[in-house]
Amino acid sequence: MTGPSAPLALTIHLALLSSISFGGFPTVLPDVRNFVVATHGWMTDQDFANIFAMAQSIPGPNMILMMSFVGWKVWGFPGAVASAFATFGPLARFTLPPTGSGTGSATRHGGRSCVWAWFRL
Amino acid sequence: MTEMAQRQELEPAVPLAALFTAFLAVCLYGVGGGGGIVWARRIAVENRRWISDREFADIVSLCQFMPGPNIVGIAVCVGAKMRGTIGTIAAVSGFLVIPWAIGFSVGLLFLEYAHLPILRNILGGIAATAAGLLIATGIRLLMPHRRRPAAVFFAGLAFGLITFAKLPLLAVLFVLVPLSIAIAGIERARAG
């Protein structure tokens, strides 16, 4: 739509919302709607409802898919990919074991490593 | 510890492709979202025997507590436990990449024709139903706390501030969360 500043703002906002979406991503949907419809006018209420219905009726990761449609509206395919990453990225970062450097040795990741990763925050 | 090390020496590392396909299957079976956890348990615990029932229960309770899409958290935890960071990437991409690509293309195609009356009616109906499901989920989450006046008060306050005062969610959350935790702490101190 506009320059890269719009998708950047959307991505940062989605990542922020994702990190506080306790109880699942739908809890922050009203705020997503306010951000993209009311504040920035990137789409109409009708568009937002359509995207919501579409994502809910397709099997798979609904909310990631829905945010991809939102990103698509704002900045095409790059916007869609950025929004998808912003939706699940913060979670993956929180949950990753702190010692996981990618060597793949199973012994280092015994027990409840991901639980500890969370508590260390 | 030594017993565990022995066990892991005996068992070869889980191939990354297996993590990828297992979570692809979880995603494809779990149509509609909610069934995903059931399928993740069946595949990771019963079929592949990657983790024990207890570990799975720990992972699920952790993921419910954390922000973000719950089932992705399960993929992150199982992948990390089997193969570390690279395993996480394999499990999460198995869960996301192919279903996302298909869903995204189909969805875009339909959204192109969203102005057609028949499609508009279908989408309107689905949106209303899905919104109703979300409201029902919210009420179900609140029900166990209905006898605690402080909990009902904070739920009502959050609802009012967001719906009627139209304050941003972030602001409401950052004010109400510390307050409600403090009140819950005081209540507990008085009761005990």
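Residues numbered from 1 in each chain as written. Chains lettered and ligands numbered in written order. Predicted model: local features only at pLDDT ≥ 70, side-chain atom pairs only at ≥ 80, totals over all residues.

Undergrad: How should the overall build of chain A be read in this particular structure?
TA: Within chain A one finds five helices and zero strands. N-terminal to C-terminal, the α/β element order of chain A is α-α-α-α-α. A separation threshold of at least 6 residues defines the contact pool for chain A, and within that pool the share at least 24 residues apart is 44%. (Helix = DSSP H or I, 4+ residues; strand = E, 2+ residues; numbered from the N terminus. Contact = placed C-beta atoms within 7 Å.)

Undergrad: What exactly am I supposed to notice about the overall build of chain B here?
TA: For chain B, the helix and strand inventory stands at eight helices and zero strands. Order of helices (α) and strands (β) in chain B, N terminus to C terminus: α-α-α-α-α-α-α-α. For chain B, buried positions account for 27% of its 192 residues. For chain B, contacts bridging at least 24 residues in sequence account for 43% of all contacts bridging at least 6. (Buried ≥ 20, exposed ≤ 12 C-beta atoms within 10 Å, placed from the backbone.)

Undergrad: Just to check I follow, could you spell out unusual backbone geometry for this structure?
TA: Most peptide bonds are trans, and most residues other than glycine sit at a negative phi. Residue and element names in this part refer to chain B. Notably, Arg49 is not glycine yet its phi reads approximately 55°, a positive angle. Relative to the elements of secondary structure, Arg49 occurs in the loop between helix H3 (36-47) and helix H4 (53-65). In this structure Arg49 comes out as exposed when scored by C-beta crowding, with 9 C-beta atoms within 10 Å. Positive phi values are uncommon outside glycine, yet Lys166 reaches one of about 55°.

Undergrad: Mind showing me how you'd approach the environment of Phe35 of chain A here?
TA: Residue and element names in this part refer to chain A. With respect to the secondary-structure elements, Phe35 resides in helix H2 (residues 29-39). Taking the C-beta count within 10 Å as the criterion, Phe35 has 20 such neighbours and is therefore assigned buried. A sequence separation of 50 residues divides Phe35 from Phe85, and the C-alpha atoms of the two residues are 18 Å apart. Not counting the four nearest positions on each side in its chain, Phe35 is found in contact with His13 and His40.

Undergrad: Would you mind showing me how to read the packing of H4 of chain B against helix H5 (residues 70-112) of chain B here?
TA: Working note: a packed helix pair is described by the angle between its axes plus the distance between those axes. Residue and element names in this part refer to chain B. At a minimum axis distance of 9 Å, the contact between H4 and H5 shows a crossing angle of 135°. Regarding the angle of H4 to H5, the classification is oblique. The two elements H4 and H5 meet at a crossing, and its hand is right-handed. Contacts from Ile59, Val60, Cys63 and Gln64 of H4 reach H5 at Asn70, Gly73, Ile74, Cys77 and Val78. Partitioned by chemical class, the residues of the contact of H4 with H5 number six nonpolar, three polar and no charged. (Axes fitted to C-alpha atoms, helices over the stretch in contact; angles between N-to-C directions. Parallel < 35°, antiparallel > 145°, perpendicular 65-115°, else oblique. Left-handed = near helix turned anticlockwise from the far one by under 90°. Nonpolar A, V, L, I, M, F, W, Y, C, P; charged D, E, K, R; others polar.)

Undergrad: Quick question: what am I supposed to make of the confidence of the model for chain A here?
TA: When pLDDT is low, close inspection of the predicted coordinates is not appropriate. Residues and elements named next belong to chain A. With 71% of its residues at a pLDDT of 70 or more, chain A has an overall mean of 76. The weakest mean pLDDT in chain A belongs to helix H5 (residues 113-120) at 42; the strongest belongs to H2 at 91. Predicted confidence is poor over residues 98-121, with pLDDT under 50, and the contacts of this stretch with residues over four places away or in other chains come to 49 contacts. (pLDDT = per-residue confidence, 0-100.)

Undergrad: Would you take a moment to explain the environment of Lys166 of chain B for this structure?
TA: Residues and elements named next belong to chain B. Tracing the backbone through its elements, the reader meets Lys166 in the loop between helix H7 (149-163) and helix H8 (169-191). Overall, the presence of 10 C-beta atoms within 10 Å leaves Lys166 in the exposed class. Taking C-alpha positions, Lys166 is 37 Å from Cys77, a pair spaced 89 residues apart along the chain.

Undergrad: Please clarify how the packing of H7 of chain B against H8 of chain B should be interpreted in this entry.
TA: Residue and element names in this part refer to chain B. As a packed pair, H7 and H8 sit with axes 11 Å apart at the nearest point and diverge in direction by 170°. The orientation of H7 with respect to H8, classified from their angle, is roughly antiparallel. Taking contact as the criterion, the partners of Ala150, Phe154, Leu157, Ala158, Leu161 and Ile162 in H7 are, on H8, Leu169, Val172, Leu176, Ser180, Ile183 and Glu187.

Undergrad: I keep staring at the nonpolar core and nothing clicks. Help me out?
TA: Taken as a class, soluble globular proteins show a tendency for nonpolar side chains to be buried jointly. Met66 of chain A together with Phe23, Ala75 and Phe95 of chain B are the most contacted members of the largest nonpolar core, which totals 69 residues. Once you skip the residues sitting within four places of it in the chain, Phe95 of chain B turns out to touch Phe23, Leu24, Val26, Cys27, Val72 and Ala75 of chain B. (Core = buried A, V, L, I, M, F, W, Y, C linked by C-beta atoms within 7 Å.)

Undergrad: I'm lost on helix H3 (residues 45-57) of chain A in this one. Help?
TA: For the α-helix, the turn length of 3.6 residues means that residues three or four positions removed from each other point alike. Residues and elements named next belong to chain A. In this model H3 runs 18 Å from its N-terminal to its C-terminal C-alpha over 13 residues, within 8% of the 18 Å that 1.5 Å per residue would give. Burial of H3 is extensive: 10 of the 13 residues sit out of reach of the surface. Within the span of H3, buried status applies to Phe48, Ala49, Asn50, Ile51, Phe52, Ala53, Met54, Ala55, Gln56 and Ser57. (Expected span 1.5 Å × (residues − 1).)

Undergrad: When you look at the environment of Phe104 of chain B in this model, what are you seeing that I'm missing?
TA: On the secondary structure map, Phe104 of chain B appears in helix H5. Along the chain, Phe104 of chain B and Leu167 of chain B lie 63 residues apart, while their C-alpha atoms are 32 Å from each other. Beyond its immediate stretch of four places on either side in the chain, Phe104 of chain B contacts Leu65, Ser68 and Ala80 of chain A.

Undergrad: Would you explain the confidence of the model for chain B in this entry?
TA: Per-chain confidence: chain B averages 84 in pLDDT, with 90% of residues scoring 70 or above. When mean pLDDT is taken per element in chain B, H7 of chain B scores highest with 91 and helix H1 (residues 2-10) of chain B scores lowest with 52.

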